[in-house]
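Observations on the model geometry
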Amino acid sequence: MRAIVVGSGIAGLTAALRADELGHEVVLVAKGALGDGCTAAAQGGIAGAYGPGDSAELHASDTLRAGAGHGDPGAVEALTAGAAAAIDRLVALGTRFDRDAAGRIQRGLEAAHTLPRIAHAGGDATGAEISRALIAELRARPRIEVRTGEMLADLQVDDACSLDGPLPARVSGISLVSGETLEADAVVLATGGAGRLFARTTNPAGATGDGIAAALRVGARIADLEFVQFHPTVLAEGEPFLLTEALRGAGAVLIDADGRRFLADTHPDAELAPRDVVARAVAARAAETGAPVRLDATALGAEALAQRFPTVDRELRRRGIDWAREAVPVTPAEHYLMGGIETDSTGRSSLAGLFAVGETARSGVHGANRLASNSLLEGAVFGARAAEALASTAWSNGGWPVDAWPAETWAFDGSSGAYLEADPAGAPITAPLSGPAFSRTALQQLMWEHAGLLRSETGLTEAARVLDGWAADAAGTAPEPGDARAQEDANLLLLARATVAAARARTRSLGAHHRLDGGAEALRPAPEPIGAR
Ligand SMILES: Cc1cc2nc3c(=O)[nH]c(=O)nc-3n(C[C@H](O)[C@H](O)[C@H](O)COP(=O)(O)OP(=O)(O)OC[C@H]3O[C@@H](n4cnc5c(N)ncnc54)[C@H](O)[C@@H]3O)c2cc1C
């Protein structure tokens, strides 16, 4: 079988390597250099219950709790039960995790984990080390055709796709921005997240949600776009730079303008409360005091900071900040998209022949809020699972278990930009065209202000009005072949509209989706303990 894998982060590389081992013909397409996505930037580590006293069940219940009960227990079970094997596999492929004197993999603690279970490498350079090892392995597999600097534009389908007509029988390949088309028996999208929707993000420049936008345009089911995770501790000065949560796990604290720790007033776990809670508290305290909150890691000492967090240490010192002596100003920034292309726990989407893995997928593992260090794990576990499912399921999506899931989903008409559930008539765009001219910066600022950390119907309505105006202006035009920037802009605009529609449709707060005007959504009853089944 010929499979195209799009993306060279942990999810795409894992899928490509595993598919190659299973004898498939693999083409790997990536829009930049290999490993230019989020994976190589990951600092904290990869979660996995492989230490004494820990278990996959405990990891699963932490994951479901952090996800505000919105996760899919079956997918979470696949994730946490697959963790030890996935980490062993990374080791076998050459990843050098940090080890203690006895040679055991060291385990760090991060927010909302009951126990220390985060494997890390190079101190805080986990993603870079995993990326290095997987790319080295890819280069040692001459059968895999690697096409870097090539950008996915759209998915090819057997039949014309229309929401009024039959859905396409099968995804049969991709088209590139260059205009070239590539045929395949299966396409695995591993195109990462969409942080560039927002003015402040930890994500690299290429995180423009291309795979999700392409899937939307052919009618694949998309879910949970309203659940966007904002990281609470991103350097507030200059280019956004992440200050890993592992720092708080190691004892760094957050202080306000008066030097007071304030998080214990908000949550019993204080600095180690779930990310959305910490992010909102940081934003609120900064707004109240008119000065940024600061991350104080001085108690850890210069030597420990340099040893355990060399990436952060190097970058802060490069910027002239001596964080061993002074607290560092921080702000929340977009970090991770929980929603995406809806898949089952083998990465199958609602369209035959189309798989999605990693951050671009909505596999159900993260629910309404991702547990720290579960996303590298998701890429490693589900990348392999998708490769293993290719042979049996690429030709049909029969038995796709959509109705068994608790997730709310909407059919999105990619051509008109309407969410059908939010807009049952699928009404054409009628928004007034007045408003600022489109630019990527204007879109990012609009999303940051109205669809960011704190949302309200008034703000979301304004965002929708402006976005609809831009969409109406762009209607009937398509990016020129070869114009990658224009294709990214079109993708961002489509995804912004879908995100705002999803955020408007969920009128109450849940997990990372926080409505100022709607109260909190009733949490679902705790799922049956996984170990009991
Ligand atoms: C600063 C930072 C720190 C993080 N720390 C952690 C951590 O400690 N632990 C953890 O679990 N998670 C962490 N995360 C999240 C985690 O890194 C990502 O969720 C994960 O790496 C995503 O992997 P991926 O393979 O899905 O996508 P990515 O690694 O983002 O790769 C996406 C790939 O798709 C390619 N691509 C995109 N669009 C196209 C297109 N149109 N055509 C062709 N190719 C395309 C890109 O070039 C890239 O190769 C962190 C994220 C950031 C930004």
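Residues numbered from 1 in each chain as written. Predicted model: local features only at pLDDT ≥ 70, side-chain atom pairs only at ≥ 80, totals over all residues. Heavy atoms only, no water.

**With respect to the overall build of the protein chain**
Inclusion rule: A helix here means a DSSP run of H or I that spans at least four residues, while a strand means a run of E at least two residues long, and both kinds are numbered starting from the N terminus. Buried, partly exposed and exposed residues are distinguished by accessible area as a fraction of the type maximum, computed with a 1.4 Å probe on protein chains only: under 20%, between the cut-offs, and over 50%, respectively. Residue-level accessible areas treat just the shown protein chains as cover; the underlying method is Shrake-Rupley with a 1.4 Å probe.
Counting its regular elements, the protein chain contains 14 helices and 20 strands. Here the protein chain, with 533 residues, has 58% of them falling under the buried criterion. As presented, the protein chain carries roughly 19600 Å² of accessible surface, and 52% of it is formed by carbon and sulfur atoms.

**A short note on the sheet that holds strand 11 (residues 228-235)**
Which entries qualify depends on this criterion: Whether two strands pair depends on DSSP finding at least two bridges between them. Between N-to-C directions, angles cover 0 to 180 degrees, with each direction set by a line fitted to C-alpha atoms, over the stretch in contact for helices. Residues count as neighbours in contact if any of their non-hydrogen atoms are within 4.5 Å of one another.
Sheet architecture is open: 4 strands sit in the order 11-14-13-12, paired in antiparallel fashion. In this open sheet, the two edge strands, each paired with only one partner strand, are strand 11 and strand 12 (253-255). The sheet shows a mean angle of 45° between the axes of neighbouring strands, taken without regard to direction. Here 3 bridges tie strand 12 to strand 13 (residues 293-296), and the two strands are oriented antiparallel to one another. Within strand 13, the position partnered with valine 253 by the bridge is aspartate 296. In the packing of helix 8 (residues 275-289) onto the sheet, the strands contacted are strand 11, strand 12, strand 13 and strand 14 (328-337), and the crossing angle to strand 11 comes to about 55°.

**What to know about the packing of helix 1 (residues 10-21) against helix 5 (residues 126-139)**
To keep it simple, the criterion reads: Reported orientations rely on four angle classes, namely roughly parallel under 35 degrees, roughly antiparallel over 145, roughly perpendicular from 65 to 115, and oblique for the rest. Helix crossings get a hand from a simple test, with the near helix turned counterclockwise from the far one by less than a right angle marking a left-handed crossing and a clockwise turn marking a right-handed one. In this classification, Asp, Glu, Lys and Arg are treated as charged, Ala, Val, Leu, Ile, Met, Phe, Trp, Tyr, Cys and Pro as nonpolar, and every other residue, Gly included, as polar.
For the pair helix 1 and helix 5, the least separation of the axes is 10 Å and the interaxial angle reads 30°. Here helix 1 is positioned roughly parallel relative to helix 5, judged by the angle of their axes. Seen along the crossing, helix 1 lies across helix 5 with a hand that is left-handed. Taking contact as the criterion, the partners of Ile10, Leu13, Thr14 and Leu17 in helix 1 are, on helix 5, Ile130, Leu134, Ile135, Glu137 and Leu138. The residue makeup of the contact of helix 1 with helix 5, split by class, is 7 nonpolar, 1 polar and 1 charged.

**Structural notes on empty space enclosed by the protein**
Operational definition: Method remark: on a 1 Å grid restricted to protein atoms, a set of points is classed as a cavity if a 1.4 Å probe fits but cannot get out and as a pocket if it is open with protein on both sides within 12 Å along at least five of seven lines; lining residues have an atom within 4 Å of a point. Grid points are joined across faces, edges and corners, and a volume is the space filled by probe spheres set on the points.
Scanning the entire structure with this criterion turns up 2 cavities of 30 Å³ or more. Of the voids in this model, the largest cavity is the one considered here, and its volume is about 60 Å³. Of the residues that constitute the lining of the largest cavity, the class distribution is 7 nonpolar, 2 polar and 3 charged. Reported here for the second largest cavity is a volume of approximately 30 Å³. Around the second largest cavity, the lining residues are Asp224, Met338, Ala361, Arg362, Ser363, Gly364, Val365, His366, Gly367 and Glu378. Classifying every residue of the lining of the second largest cavity gives 3 nonpolar, 4 polar and 3 charged.

**Some points on the pattern of salt bridges**
Quick note on the threshold: The salt bridge criterion pairs a side-chain nitrogen of Lys or Arg with a carboxyl oxygen of Asp or Glu, the two atoms within 4 Å.
With the rule as written, the count across this model stands at 44 salt bridges. Among the ionic pairs, arginine 260 bridges to aspartate 265, the shortest N-O distance being 2.9 Å. Residue classification places aspartate 265 among the exposed residues on the basis of a relative accessible area of 54%. When salt bridges with common partners are traced through the structure, they connect Arg18, Asp20, Glu21, Arg89, Glu137, Arg141, Arg143 and Glu388 into a single cluster.

**What to know about the pairing of strand 14**
The element strand 14 is largely enclosed, with a buried count of 10 among its 10 residues. Alignment of strand 11 against strand 14, held across 6 bridges, turns out to be antiparallel. What sits directly across from histidine 231, in strand 14, is alanine 333. Direction of pairing for strand 13 relative to strand 14: antiparallel, over a ladder of 3 bridges. From the neighbouring strand, arginine 294 faces strand 14, where its bridge partner is proline 329.

**Side note on the site of the ligand**
Threshold: We call a residue near a molecule or strand whenever a single non-hydrogen atom of that residue lies within 4 Å of it. Whenever a nitrogen or oxygen atom comes within 3.5 Å of another N or O atom, the pair is scored as a polar contact, on the condition that within protein one atom can donate a hydrogen and the other can accept it, and that pairs from neighbouring residues in sequence are kept only if both atoms are in side chains.
What surrounds the ligand is a group of 38 residues, the closest being Asp36, Thr39, Gly45, Asp210 and Glu359. One of the backbone nitrogen or oxygen atoms of glycine 45 is found 2.7 Å away from a nitrogen atom of the ligand. Contact between the ligand and leucine 152: a nitrogen atom at 2.8 Å from a main-chain N or O atom of the residue. In the complex, the protein chains occlude 96% of the 1000 Å² of accessible area that the ligand would expose alone. Mapped onto the shell around the ligand, the elements with two or more residues apiece are helix 1, strand 2 (25-30), strand 14 and helix 11 (374-393). For the shell around the ligand, the element with the most residues is helix 11, which contributes 3 residues. Here the residues of the shell around the ligand sort into 14 nonpolar, 18 polar and 6 charged.

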